[in-house]
Amino acid sequence: MVYNEALILPYFLRHYRYLDGIHVLYETDSTDDSLNILMQAPNVVIEKCHIEGGLDDIEKIKLFNETVQRIKADWVYVVDPDEFVFPPYESPHDFLRRQTFDVVRSGMYQVYRHRDDRDLDPSLAPIPQRTHGDPDLHSTYEQADRASNSLYVKPNIVRPSKRISFLPGHHQIEGDPKASPELYVGAHWQMADPSIAIARRMERKARVSERNRANKMGWQHYDISIEMIREECARHLDDPNIDALCSFRELAVQALPSGARSDKPLRKSIARLKEQTSPESAITGRAYRDGNNMYKFDPLEHPICLSSPRRSVPFLSWRQHVPFAMLLVDILRPRSLVELGVHYGDSYCAFCQAVAELRLGTLCYGVDTWKGDPHASFYGSEVLADLAAHHDPLYGGFSHLIQSTFDEAVQHFPDGAIDILHIDGYHTYEAVKHDFETWLPKVSPRGVILLHDINEKQQDFGAWKVWDELKLRYPHFEFLHCHGLGIVAAGERPPEELSWLFEARDEKAAAIRNFFFCLGDRLTLSAKQEAATAGGSERETIRSRATWPVAKKFRVLIDAMLPLGTRRRAYARRALTRLKRPLASLR
Ligand SMILES: C[S@@+](CC[C@H](N)C(=O)[O-])C[C@H]1O[C@@H](n2cnc3c(N)ncnc32)[C@H](O)[C@@H]1O
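Keep in mind that this is a model prediction, so the values were computed, not measured. (Residues numbered from 1 in each chain as written. Predicted model: local features only at pLDDT ≥ 70, side-chain atom pairs only at ≥ 80, totals over all residues. Heavy atoms only, no water.)

Overview of the site of the ligand
Point 1. Not every one of the 20 residues close to the ligand is listed here, only the nearest: Gly 341, Ser 347, Asp 368, Tyr 379 and Asp 424.
Point 2. Between the ligand and Phe 406, the relevant distance is 3.0 Å, taken from a nitrogen atom to a main-chain nitrogen or oxygen of the residue.
Point 3. Secondary structure elements with two or more residues in the shell around the ligand: α13 (346-357) and β10 (372-373).
Point 4. Class assignment of the residues belonging to the shell around the ligand gives a composition of 5 nonpolar, 9 polar and 6 charged. (Near = heavy atom within 4 Å. Polar contact = N/O pair within 3.5 Å; in protein donor to acceptor, adjacent residues only side chain to side chain. Helix = DSSP H or I, 4+ residues; strand = E, 2+ residues; numbered from the N terminus. Nonpolar A, V, L, I, M, F, W, Y, C, P; charged D, E, K, R; others polar.)

In structure tokens, the structure reads:
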């Protein structure tokens, strides 16, 4: 049932997007944007309803029961918008397919926002996020001495064909339908930001019906006071237990004996769950190995990786990574993104374009001296001028070009602030290692670092050696095309959303590489085609210039005298390009 849930609905819809259909009872009293949000979701069926007199559990459960029994489906989840359930270490479809029972229950935790996160931050995966056992304020009955850190169990996944009926509070079911001995894991989402929590819960308190009060139902709403909410929020903003549980993934949770409602087995269950959530646990390890995590990559959900870059540049040495760069921005929804080594801005503008097209609130910073280095060649102020003319009107609102050395710029960034860091400066082993180590503290716990040129072994390029070292230490993935791009999850909390990438092995990894190579190759091909078409008339202009025969002779001389692949030949060709830049487009 949805009543003024605009804050939480985007999470809810994202979390349950794998379901065939989401049947929503929409309370027409709602005054916020809930209806609009629901109407945009493809798998939602909206049924408008109204309960006279406000929040009344008896009326609500009647509506629930009628609706559940009308639905033609193998299984129905009966959840409120702030309830997120998921099966332990396997896909919901597999889990339910092998159930011989009519009801599956969920062990529900109270989930609170951590201080480092923004409430309802759309860049964070909804669940598993932070689970935290809490005094069970939301059970069906009040119990003063209820153990702290307990969880509650709800029978909330049912076969509708069995005409199962819930009792008010929907924690209990009429009769004795057979419940599965296995539990789903669930989270009841609470706001830890006092202003949001107070507004939300006091609004609900004001809507509790007289009948509810008389029947002592929904006591958690009508007994609540602003002070109690503040106190609860304060407890959770800095709770170290939340950090400890951040690594929670879908895990095996042994079920409680059927019908058990005492705290003892619940406490045992929590203890076991905590044990299992440690990264070293056999179960977590198996979940990783089996690749049964819920973050599977579906390219159709990320059309951004088909966007064509708006920036045109004279060199295409990064271009083939643009689709992956844009995808990364879509998946990670970074709060801040920094690039070290921008040059003409091929990679940087791709990141910015994704931020703009996805309408994210990301802050972007591109750092470069815009003077060049021995590998990229040295250049003049025209490069930054050309970049700024493209960048400022399109991305100036959220992105800053910082003309500085990397070492000077680093002090201006707070520790743990950067979610995506792209290192693409000078490429000797010492320089890359230095840049990585200097900037590492600035990367957030969920942050990733990209390293370009990890597959470039000519001359004194050394990113590949640094990469070999990093691979041993961090979850990572490498692309080998277009000079190579490495991605490491260098923070303490590798982003769950990228587990499909970091855990890909063998054919799966090869398929991912091939996929992004093909997308990237398509971009270089079309850029070359455009250059060839545009080059026709430009070529004529250049050739008509007096300098053309001189430049041509120089080129023949360079090619004849300096062996292919040597540094001297590369320098000479670059110098020639700088003297007569349009010649570069003819190659
Ligand atoms: C390989 S280019 C960057 C290419 C760019 N990412 C792209 O997409 O085309 C390297 C850039 O790093 C800059 N650079 C190298 N070392 C630097 C340092 N220590 N501080 C600032 N800029 C540096 C150079 O000026 C050069 O423009």
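What about helix α3 (residues 57-70)?
Point 1. An ideal rise of 1.5 Å per residue puts 20 Å on 14 residues; α3 measures up with 20 Å between its terminal C-alpha atoms.
Point 2. If you check which residues of α3 are buried, you get Asp 57, Lys 60, Ile 61, Leu 63, Phe 64, Asn 65, Thr 67 and Val 68.
Point 3. In this structure, the buried residues of α3 make contact with β1 (22-27), β2 (44-49), β6 (152-158) and α6 (210-214).
Point 4. Capping the start of α3 is the job of one residue whose side-chain oxygen sits 2.9 Å from the backbone nitrogen of Ile 58: Asp 56. (Expected span 1.5 Å × (residues − 1). Buried < 20%, exposed > 50% of the residue type's maximum accessible area, 1.4 Å probe, protein only. Contact = heavy atoms within 4.5 Å.)

Quick look at the pattern of salt bridges
Point 1. Under the criterion given, the structure shown has 26 salt bridges.
Point 2. For Lys 433, the salt bridge is made with Glu 469, and the minimal N-O distance between the two is 3.0 Å. Placement of the pair is Lys 433 in helix α16 (residues 429-439) and Glu 469 in helix α17 (residues 463-471), with a sequence separation of 36 residues.
Point 3. Judged by relative accessible area, which is 25%, Lys 433 ranks as partly exposed.
Point 4. Given a relative accessible area of 29%, Glu 469 falls into the partly exposed group.
Point 5. Beyond isolated ion pairs, a larger network of salt bridges with shared partners links Glu 5, Asp 82, Arg 200, Glu 203 and Arg 204. (Salt bridge = Lys/Arg side-chain N within 4 Å of Asp/Glu carboxyl O.)

Some remarks on the side chain of Glu 339
Point 1. You can see Glu 339 is positioned in strand β8 (residues 336-340).
Point 2. One buried charged residue, Glu 339, remains without a salt bridge, the closest side chain of opposite sign being Arg 311 at 10.0 Å.
Point 3. Within polar-contact distance, the side chain of Glu 339 engages the side chain of His 422 at 2.7 Å.
Point 4. Once you skip the residues sitting within four places of it in the chain, Glu 339 turns out to touch Ser 347, Tyr 348, Phe 351, Tyr 365, Gly 366, Val 367 and His 422. (Lys, Arg positive; Asp, Glu negative; His and termini not counted.)

Topic: the packing of aromatic side chains
Point 1. Under the criterion given, the structure shown has 16 aromatic pairs.
Point 2. Between the aromatic rings of Phe 95 and Tyr 184, the centroid separation amounts to 5.0 Å while the plane-to-plane angle is 80°, which identifies the pairing as edge-to-face. A residue pair is termed long-range when its members are at least 10 positions apart, and Phe 95 in helix α4 (residues 92-97) and Tyr 184 in strand β7 (residues 179-190) qualify at 89 residues. With respect to class, Phe 95 is no different from Tyr 184; both count as buried.
Point 3. Taken together, the ring pairs connect Phe 12, Tyr 16, Tyr 77, Phe 84, Phe 95 and Tyr 184 into an aromatic cluster.
Point 4. Over the aromatic face of Tyr 3 sits the side chain of Arg 207, whose NZ or CZ is 3.7 Å from the ring centroid.
Point 5. Here the basic side chain of Lys 457 rests over the ring of Trp 464, its NZ or CZ set 4.8 Å away from the ring centre. (Phe/Tyr/Trp six-rings, centres within 6.5 Å; stacked < 30°, edge-to-face > 60°. Lys NZ or Arg CZ within 6 Å of the ring centre and 35° of its normal.)

Quick notes on the sheet that holds strand β9 (residues 363-368)
Point 1. Ordered by their spatial adjacency, 7 strands build an open sheet running β12-β9-β8-β13-β14-β16-β15, and the pairing between neighbours is mixed. The open sheet has two edge strands, β12 (399-403) and β15 (476-479), and neither has a second partner. Each adjacent strand pair in this sheet contributes to an overall mean axis angle of 15°, direction not counted.
Point 2. Sheet topology places β15 next to strand β16 (residues 485-489); 4 bridges connect them, and they run antiparallel. Pairing of Phe 477 across the sheet is with Ile 487, part of β16.
Point 3. Lying over the sheet, helix α12 (residues 322-332) contacts β8, β13 (418-423), β14 (443-452), β15 and β16, oriented at roughly 175° with respect to β14. (Pairing = 2+ DSSP bridges. Axes fitted to C-alpha atoms, helices over the stretch in contact; angles between N-to-C directions.)

Looking at the nonpolar core
Point 1. Judged by nonpolar contacts, the single largest core of 50 residues is most densely connected at Phe 324, Phe 477 and Leu 498.
Point 2. For this core, the secondary-structure elements that each account for two or more residues are α12, α13, α14 (382-395), β14, β15, β16, α18 (499-502) and α19 (506-544).
Point 3. With 9 residues, the single largest contributor to this core is α12.
Point 4. Among the nonpolar cores identified, the runner-up in size contains 35 residues, and Ile 22, Ile 157, Met 191 and Ile 229 belong to it. (Core = buried A, V, L, I, M, F, W, Y, C linked by side-chain atoms within 4.5 Å.)

Structural notes on helix α5 (residues 194-207)
Point 1. For α5, built from 14 residues, the straight-helix expectation of 20 Å at 1.5 Å per residue is met to within 8% by its first-to-last C-alpha distance of 20 Å.
Point 2. Burial in α5 covers these residues: Ala 197, Ile 198, Arg 200, Arg 201, Arg 204 and Arg 207.

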